[in-house]
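# Architecture at a glance
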Amino acid sequence: TKGETQAFHDSWRLNEHCAIGIEKAINDSYQGYYKYDLPAALDAMATDYGKERVHFVLANTLQILDYDGRFSAQNKAWAQSIPMPDLTKTERASFFCRSHPAILDGVVNAIRKEQQKDVGKRKSVTESLKSGQKSKPAPKKKDKSRDDGR
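Numbering of residues begins from 1 in every chain and follows the order in which that chain's sequence is written. Local features in a predicted model are, by the rule used here, given only for residues with pLDDT of at least 70; side-chain atom pairs are given and counted only at 80 or more, and totals for whole chains, interfaces and linings are based on all residues. Note that water and hydrogens are dropped before the side-chain values are worked out from all heavy atoms of the structure.

Close approach of charged atoms allows side chains of opposite charge to pair. Counted as salt bridges are all cases of a side-chain nitrogen of Lys or Arg within 4 Å of a carboxyl oxygen of Asp or Glu. Enumeration over the complete set of coordinates arrives at five salt bridges. Between Asp28 and Lys24 there is a salt bridge; the shortest N-O distance is 2.6 Å. A residue pair is termed a helical-turn pair when its members lie 3 or 4 positions apart in one helix, as Asp28 and Lys24 do in helix α1 (residues 2-28) at four residues. On the basis of relative accessibility, which here comes to 54%, the residue Asp28 falls in the exposed class. Its salt-bridge partner being Arg70, residue Asp68 comes within 2.8 Å of it at the nearest N-O pair. The secondary structure listing takes helices from DSSP runs of H or I that are at least 4 residues long and strands from runs of E that are at least 2 residues long, numbered from the N terminus. Summary of the burial criterion: residues with accessible area below 20% of their type's maximum are buried, those above 50% are exposed, and those between are partly exposed, where the area comes from a 1.4 Å probe applied to protein chains only.

Written out as structure tokens, the structure is:
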């Protein structure tokens with residue numbers, strides 16, 4: 001339908017802007033002497049485009065550059081875990097980050113580290129809830145086979 005087509009094109013344009021925004025956030029986080037404040041860059045990216053879209057655009061970039069040895073195997077596996085539209089790499093190149101692969105690898109490392117912390121927080125909350133609950137003995141069931149009035 002016309003509405004779906006428009007939504008697809010709007011999302012596509014947002015992906016393109018997100019790729020440019022990622023590059024800008026990385027450049028803005030440069031601190032000199034090859035040092036970057038990647039957590040600050042990630043915060044800026046997430047604020048502007050949302051974590052899900054940033055992850056999608058970065059995963060797209062790593063999938064397109066799957067031959068590049070400057071990305072760790074773990075980061076390539078992370079990228080492969082994010083589904084992409086049924087388009088060729090050439091078609092998806094419009095929302096591709098052109099920052100240096102070694103820096104992008106660091107960004108994805110930071111994302112994965114953040115995701116592991118989030119999983120750890122969820123586990124610790126669940127574990128604390130489980131350990132904080134006092135177990136009550138189950139109520140005794142009345143044996144109906146012995147209904148002699150006692």
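In terms of nonpolar packing, the biggest core is built from 32 residues, with Ile22, Met45, Val57, Leu58, Trp78 and Val107 touching the most fellow members. Elements represented by at least two residues in this core include exactly α1, α2 (38-49), α3 (51-64), α4 (73-80) and α6 (101-132). The element that contributes the greatest number of residues to this core is α3, accounting for seven residues. Sequence-distant contacts of Val57, defined by excluding residues within four places in its chain, comprise Asn15, Cys18, Ala19, Ile22, Phe95 and Cys97. Put simply, a nonpolar core is a bunch of buried Ala, Val, Leu, Ile, Met, Phe, Trp, Tyr and Cys residues held in one set by side-chain atoms that sit within 4.5 Å of each other. Contacts: residue pairs with any heavy atoms within 4.5 Å of one another.

Right, let's talk about α3 for a bit. Each α-helix winds once per 3.6 residues, and so residues spaced three or four apart point in a common direction. Expected helix span is computed as 1.5 Å times (number of residues minus one). For α3, built from 14 residues, the straight-helix expectation of 20 Å at 1.5 Å per residue is met to within 8% by its first-to-last C-alpha distance of 20 Å. The buried count for α3 comes to eleven of 14 residues, which makes it a mostly enclosed element. Listed in full, the buried residues belonging to α3 are Val54, His55, Phe56, Val57, Leu58, Ala59, Asn60, Thr61, Leu62, Gln63 and Ile64.

Before going further, it helps to spend a moment on the packing of α1 against α3. A fitted line through C-alpha atoms serves as each axis, taken over the contacting stretch for helices, and the angle formed by two N-to-C directions is quoted from 0 to 180°. In contact at an axis separation of 9 Å, α1 and α3 are set at 80° when each is read in the N-to-C sense. In terms of axis orientation, α1 runs roughly perpendicular to α3. Within the contact between the two elements, α1 uses Ser11, Leu14, Asn15, Cys18, Ala19 and Ile22 and α3 uses Arg53, Val54, Phe56, Val57 and Leu58. Among the residues making up the contact of α1 with α3, the classes are represented as eight nonpolar, two polar and one charged. Angle categories are assigned with fixed cut-offs, so that under 35 degrees is roughly parallel, over 145 is roughly antiparallel, 65 to 115 is roughly perpendicular, and the rest are oblique. In the scheme used here, Gly and all other residues not listed as nonpolar or charged are polar, with Ala, Val, Leu, Ile, Met, Phe, Trp, Tyr, Cys and Pro taken as nonpolar and Asp, Glu, Lys and Arg as charged.

Our next topic: the confidence of the model for the protein chain. Residue-level confidence of the predictor, termed pLDDT, takes values from 0 up to 100. Residue-level pLDDT values for the protein chain average 85, and 81% of them are 70 or greater. Highest mean pLDDT in the protein chain belongs to α4 (97); lowest belongs to α6 (81).

Stacked, tilted and edge-to-face are the three classes assigned to paired rings of Phe, Tyr and Trp, where Trp is represented by its six-membered ring and a pair needs centres within 6.5 Å; plane angles under 30 degrees give stacked, over 60 edge-to-face, the rest tilted. Applying the stated criterion across every chain, the model contains four aromatic pairs. Between Phe8 and Trp12, the aromatic rings sit 5.6 Å apart at their centres with planes inclined by 40°, giving tilted as the arrangement. Of the two residues, Phe8 and Trp12 are both situated in helix α1; the distance of four residues between them amounts to about one turn of the helix. Given a relative accessible area of 43%, Phe8 falls into the partly exposed group. Here Phe56 and Phe95 contribute two aromatic rings whose centre-to-centre distance is 5.6 Å and whose plane-to-plane angle is 20°, an arrangement assigned as stacked. In this pair, Phe56 is assigned in helix α3 and Phe95 in the loop between α5 (89-92) and α6, connecting sequence segments 39 residues apart. Grouping residues by exposure puts Phe56 and Phe95 together as buried. Aromatic ring contacts, followed pair by pair, group Phe8, Trp12, Phe56 and Phe95 into a single cluster.

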